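Per-entry structural report
Now for the letters of each chain:
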Amino acid sequence: MADDSTSVFQAGQTALIVQIPEAEPEVRGWRERFDPSARAGVPAHVTVLFPFLDESRMDALVYSALAEVLCSHQAFDLRFERCGRLPGVLYLVPEPDTQLRRLTEAIADRWPEAPPYGGRFVEIVPHLTITQGQEDSVLEEIEADLAGRLPFTSHVASVELIVHDGVKWQQRASFALGI
């Protein structure tokens, strides 16, 4: 979730994420310092789709459709071996990222009014954000620290729906992937 501050998160915004609990011990301290989404209550994750539909649109039909779309995708493993960068952003690279891209594409195809990142970026780049808006020297320090903590793997068996309540992000639902 690439936003510059918690003030840009709006009450009622939703997101679909894949939680990566195995990353927490390695990245929590850095994320709490340098990632606004962490300070707003979002755990270590890879975003599937942000922003998704406004909470006011979330009804039984949307939940049912999400469950249907997501259960058609198989659970999978991700490996995090290295860091990557976007301008001002340091992130962990999930590999392989094909399944993550397919999840994003499937949700965006079903709800074209909710393109990834609001349509700001053409390419889908799955990533686990560690820091945003920092100087290269800070990114280099964090990347050097993380080099000794990698690799690790994570099994992805669900996608979580989170909602911003005006202060923090809260988990609202979990959708199982297929077996």
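Report follows, based on the coordinates.

What counts and how
- Residues numbered from 1 in each chain as written.
- Predicted model: local features only at pLDDT ≥ 70, side-chain atom pairs only at ≥ 80, totals over all residues.
- Heavy atoms only, no water.
- Pairing = 2+ DSSP bridges.
- Helix = DSSP H or I, 4+ residues; strand = E, 2+ residues; numbered from the N terminus.
- Axes fitted to C-alpha atoms, helices over the stretch in contact; angles between N-to-C directions.
- Contact = heavy atoms within 4.5 Å.
- Expected span 1.5 Å × (residues − 1).
- Buried < 20%, exposed > 50% of the residue type's maximum accessible area, 1.4 Å probe, protein only.
- Phe/Tyr/Trp six-rings, centres within 6.5 Å; stacked < 30°, edge-to-face > 60°.

**What to know about the sheet that holds strand 1 (residues 14-19)**
- Taken together, four strands build an open sheet; the order of strands is 2-1-7-8 and the sheet is antiparallel. Two strands lie at the open edges of the sheet, namely strand 2 (45-49) and strand 8 (169-176), each paired on one side alone. Averaged over all neighbouring strand pairs, the angle between strand axes comes to 35 degrees, with direction disregarded.
- Strand direction decides the pairing type here: strand 1 and strand 2, joined by four bridges, are antiparallel. Bridged to Gln19 within strand 2 is His45.
- Across the sheet, helix 3 (residues 60-71) touches strand 1, strand 7 (158-164) and strand 8, and the angle it forms with strand 8 is around 55 degrees.

**A few points about helix 4 (residues 98-110)**
- When the terminal C-alpha atoms of helix 4 are compared, their 18 Å separation across 13 residues agrees well with the 18 Å that a helix rising 1.5 Å per residue should span.
- Buried within helix 4 we find Leu100, Leu103, Thr104, Ala106, Ile107 and Ala108.
- Close packing links the buried residues of helix 4 with strand 1, strand 2, helix 3, strand 3 (76-86), strand 4 (89-95) and strand 7.

**Looking at the packing of aromatic side chains**
- Under the counting rule described, the total for this entry stands at eight aromatic pairs.
- Arranged with centres 6.3 Å apart and planes meeting at 15 degrees, the rings of Trp30 and Phe34 form a pair that is stacked. Linking Trp30 with Phe34, this pair stays in helix 1 (residues 24-34), spanning four residues, or about one helical turn. Of the two residues, Trp30 and Phe34, both sit in the buried class.
- Ring-pair connections join several aromatic residues into one group, and the members of that group are Phe9, Phe50 and Trp169.

**Remarks on the sheet that holds strand 4**
- Spatially, 5-4-3-6 is the arrangement adopted by the four strands of the open sheet, whose pairing is antiparallel. At either end of the open sheet lies a strand with only one pairing partner, and these are strand 5 (128-132) and strand 6 (152-156). Sheet twist, expressed as the mean angle between neighbouring strand axes with direction ignored, is 30 degrees.
- Against the sheet, helix 1 touches strand 4, strand 5 and strand 6, its axis set at about 45 degrees to strand 5.

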